[in-house]
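Overview (structure and organization)
The primary structure of each chain is shown beneath.
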Amino acid sequence: MPNCRPRPTSGCCVTNITIQTGDMMKKLGYTFLCIWVLTSVGSCKSDPQTTTTSEVPIQVKTAAVQQGDIKEYITFNGVTLYQKKENVRSNVTGYVSWLPHKLGSHIRAGQTFATVRTKEQDALAEAVRIDSTLAKLSGPISVISNGTGVIAQLNVQRNDYVAEGDVLAIISEPSSLVVQVNVPYEYGDHIDIGTLCEIMLQNGTVIQAKISAILPVIDPIPQSQQFLIELPGQELPENLNVQVKTVYKEKKNAMTIPHSALQSNELLTGFWVMKVLGDTLAVRQDVQTGLKNDSLIEVMSKKLGIHDKVVTEGSYQMQDSTKVSIEK
């Protein structure tokens with residue numbers, strides 16, 4: 001029998017065409033989906049807009065560069081002391097029978113400090129009853145003060161036994177009050193007898209005075225020399241710590257600015273100020289420093305002149321050529 005291959009029916013052919021057509025539809029669907037996603041993402045992006053913002057001026061305070069005399073001061077530590085102290089000594093051996101004074105009491109030269117009763121005078125008490133002429137010998141012996149001042153030390157009380165020559169008290173004379181200043185030897189050339197100085201007390205009081213004496217002795221450990229300042233009209237306690245300020249250097253017609261206007265780097269090797277131009281722009285101006293005191297400092301610069309305005313507040317970390325607004 002001849003080989004007869006069955007011919008595909010019409011239904012089979014239709015099935016194959018349908019399958020191929022479905023694959024193409026899927027591919028087209030994926031393509032349209034990708035296009036739609038890309039279009040949607042692109043539409044979500046907005047065009048960049050260029051915005052311009054104006055620079056806001058920084059509020060600052062300024063001061064004018066001045067010209068005048070400037071003095072640089074140096075301060076030393078001092079202590080008060082009484083140069084003259086008188087010892088009140090007993091002139092006999094016996095018992096203190098009368099002592100009206102107390103520690104801190106004032107006493108004058110020639111005034112009776114105390115009286116001392118001796119053993120011999122106690123023995124004459126019986127003899128006086130027999131011979132009245134001995135009465136003048138039985139009275140206590142007076143101890144006279146030989147100094148005028150304040151009793152700074154009192155060593156005895158009433159009825160204490162004392163020997164001849166014992167120190168009963170120490171009298172400090174206020175008229176001998178001085179301030180002892182220890183000055184390092186390197187500064188000795190700047191201080192001499194008659195040098196004006198200010199003595200600053202702990203309560204804020206300032207006393208104007210002069211150097212009155214120099215002791216020709218150097219303390220071996222700190223290598224400092226002692227200077228004395230007399231204060232005869234002052235009433236200050238002894239051993240009071242004070243500060244003594246005197247002029248170290250001075251200069252005439254110096255260009256000065258307030259301390260707050262000066263800026264520097266961390267190593268203090270460079271200094272500058274922010275100079276204001278036209279009341280609206282602050283530019284950096286390098287300067288060199290000189291003398292200084294509590295409020296002013298000398299500056300030197302060829303590009304800085306008298307009456308120029310420099311920033312005193314608001315210039316911290318300010319860049320060069322910054323817009324500013326001066327507070328009135």
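Please refer to the structure placed before this passage.
Keep in mind that this is a model prediction, so the values were computed, not measured. (Residues numbered from 1 in each chain as written. Predicted model: local features only at pLDDT ≥ 70, side-chain atom pairs only at ≥ 80, totals over all residues. Heavy atoms only, no water.)

Summing up its helical and strand segments, the protein has two helices and 22 strands in all. Counting across all 328 residues of the protein, residues that qualify as buried make up 30%. Restricting the contact set of the protein to residue pairs at least 6 apart, pairs at least 24 apart contribute 72%. Carbon and sulfur atoms form 53% of the exposed surface of the protein, whose accessible area is close to 22100 Å². (Helix = DSSP H or I, 4+ residues; strand = E, 2+ residues; numbered from the N terminus. Buried < 20%, exposed > 50% of the residue type's maximum accessible area, 1.4 Å probe, protein only. Contact = heavy atoms within 4.5 Å. Areas by Shrake-Rupley, 256 points an atom, 1.4 Å probe, with all protein chains shown as cover.)

Moving on, we get to the nonpolar core. Core analysis: the largest hydrophobic core is formed by 21 residues, its most contacted members being Val179, Val181, Ile199, Ile229, Leu231 and Val244. If you list the elements that add at least two residues to this core, you get β2 (66–82), β11 (177–184), β12 (196–200), β13 (206–210), β15 (224–230) and β16 (241–258). In this view, valine 179 contacts Gly78, Val79, Thr80, Ile199, Phe227, Leu228, Ile229, Leu231, Val242 and Val244; residues no more than four positions away in its chain are not counted. Val92, Leu99, Val116 and Ile151 belong to the second largest nonpolar core, which has 15 residues in total. (Core = buried A, V, L, I, M, F, W, Y, C linked by side-chain atoms within 4.5 Å.)

Another aspect to go through is unusual backbone geometry. The phi torsion at asparagine 239 lies on the positive side, around 65°, for a residue other than glycine. Here asparagine 239 shows up in the loop between β15 and β16. Owing to a relative accessible area of 59%, asparagine 239 belongs among the exposed residues under this scheme. Non-glycine residue asparagine 253 carries a positive phi angle of around 50°. Turning to its location among the elements, asparagine 253 is positioned in strand β16.

Pairing is antiparallel in the open sheet, where four strands are placed in the order β3-β10-β8-β5. What marks the edges here is a single partner per strand, and that holds for β3 (85–89) and β5 (106–107). Bridge analysis of strand β8 (residues 149–154) against strand β10 (residues 167–172) gives four bridges, and the strand direction is antiparallel. Paired with leucine 154 across the bridge in β10 is alanine 169. (Pairing = 2+ DSSP bridges.)

The subject of this paragraph is the pairing of strand β6 (residues 112–117). As judged from the three bridges shared by strand β4 (residues 94–98) and β6, these two strands associate in the antiparallel manner. By the bridge assignment for β6, tryptophan 98 is matched with threonine 115. Here β6 runs beside strand β7 (residues 141–144); their pairing, made up of four bridges, is antiparallel. Paired with valine 116 across the bridge in β7 is isoleucine 141.

Strand order in the open sheet formed by four strands is β7-β6-β4-β9, with antiparallel pairing between adjacent strands. Two strands lie at the open edges of the sheet, namely β7 and β9 (161–162), each paired on one side alone. When β4 meets β9, the two strands line up antiparallel, connected through two bridges. Note that in β9 the partner of glycine 94 across the bridge is valine 162.

With that settled, the discussion passes to the pattern of salt bridges. Opposite charge on two side chains allows them to pair when their charged atoms are near. Tallying each qualifying case throughout the model produces ten salt bridges. Note that aspartate 69 and lysine 252 form a salt bridge whose closest N and O atoms lie 3.6 Å from each other. Residue aspartate 69 is located in strand β2, and its partner lysine 252 is located in strand β16; the two are separated by 183 residues in the primary sequence. You can call aspartate 69 exposed: its relative accessible area is 51%. Since its relative accessible area comes to 58%, lysine 252 is described here as exposed. Of the charged contacts, one joins aspartate 286 and arginine 284 as a salt bridge, the two residues approaching to 3.3 Å between their closest N and O atoms. The class of aspartate 286 is partly exposed, set by a relative accessible area of 47%. What makes arginine 284 partly exposed here is its relative accessible area of 41%. Several salt bridges share partner residues, and in doing so they unite Glu198, Lys245 and Asp294 into one network. (Salt bridge = Lys/Arg side-chain N within 4 Å of Asp/Glu carboxyl O.)

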